[in-house]
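# Summary of structural features
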Amino acid sequence: RCVQETDNDIKNNDPLLRRITSGLTQEDFLEFNKLYDRLDIIFQKVIAYKQYILVDAEQTYLQVAMDTMAEQFQFKYNKEYPYLRNTLQNYLKYSDFRIRYEVDKCQLFNYPLSMKFVRGAYMVEERTIAKEKGLPDPIHDTYEDTAKSMNSHIKYFIDKMTPRDGLVIGTHNKETAEVILEAVSKKPEIAPKITVAQLMGLADNLTAELRSKGYKIYKFVPFGKTSILIPYYCRRAQEQRQTLKSVKGQMKLIRREMFRLSLIHISEPTRLLSISYAVFCLKKKK
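Residues numbered from 1 in each chain as written. Predicted model: local features only at pLDDT ≥ 70, side-chain atom pairs only at ≥ 80, totals over all residues. Heavy atoms only, no water.

### Here we look at the packing of aromatic side chains
Inspection of the entire model under this criterion finds 10 aromatic pairs. A centroid spacing of 4.7 Å and a plane angle of 20° characterise the contact between Tyr36 and Phe73, whose relative ring orientation is stacked. Here Phe73 lies in helix H4 (residues 60-77) and Tyr36 lies in helix H3 (residues 26-48), a separation of 37 residues in the sequence. Across the pair, exposure class does not vary: Tyr36 and Phe73 are buried alike. (Phe/Tyr/Trp six-rings, centres within 6.5 Å; stacked < 30°, edge-to-face > 60°. Helix = DSSP H or I, 4+ residues; strand = E, 2+ residues; numbered from the N terminus. Buried < 20%, exposed > 50% of the residue type's maximum accessible area, 1.4 Å probe, protein only.)

Structure below.
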């Protein structure tokens, strides 16, 4: 399908398409078709169960292709409900353009807004590659710049949201949690459409605070080989170094919570039923 359409366009002397596909072979197009069909099966299954799926973000040298693929499926499936939610890494300098592009695109085609916000996880690798290749650094210069980017984009996106839209925010940062609460206070009708995602064991004090205000929380539990998990957690530490500095404050809250729970009768259920625990496995790339 893709092969035939592309061949016809190239034969019709489409200069842009000739440039884009100049290094691709017939086998590359066939592999693309296989990838598309496999992803389509996954998305159809998710939609059949009335769930949504998150498309994660990667390094910038992969991200454009991933955004393009996600966009195709959003046009196909997101007409009435935000089933597919692509990820924006807010530590990227072009993230300001990207979020406005996403909002304008959805408004133009009258599709629900749907995104996932994270700070970003490949700062060291991105800067190393940029330096080696003599390219501009794609990452914001300071942690404060990234925080400003993240928080301003949350405010902007929430301001544009309606009850049919969907937003997932990955954060362990108290300041960002306060930004979410303040932005939603002006539009309380969209609170059920916002989900906060966190790693199990990080920022559990924020988990409790957000949950007490009615927000949905996803707590992720990664598992896999130590050789893969350690670099993964190191990236999380680089990304969330401000959070790690607040361990003392978190311990104080944990002790207070333990004391509170010790006063509750053992038969009283204490599990927060609206907090979901997702487990995912990290596999080494071949």
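Anyway, onward from the coordinates.
### Quick word on unusual backbone geometry
Of note, Lys50 is a non-glycine position whose phi angle comes to about 60°, a positive value. For Lys50, the position within the fold is in the loop between H3 and strand E1 (53-55). Here the phi dihedral of Asn110 falls at roughly 60°; this positive angle occurs in a residue that is not glycine. Tracing the backbone shows Asn110 in the loop between helix H5 (95-109) and strand E3 (114-118).

### So, the nonpolar core
With 30 residues, the main nonpolar core has Phe117, Phe157, Ile158, Leu167 and Ile194 as its most contacted residues. Elements that contribute at least two residues to this core include exactly H5, E3, helix H7 (143-160), strand E4 (166-170), helix H8 (174-185), strand E5 (194-199) and helix H9 (204-212). Here this core gets 6 residues from one element, more than from any other, and that element is H8. Membership of the second largest hydrophobic core comes to 10 residues, among which are Val46, Ile47, Phe73 and Tyr83. (Core = buried A, V, L, I, M, F, W, Y, C linked by side-chain atoms within 4.5 Å.)

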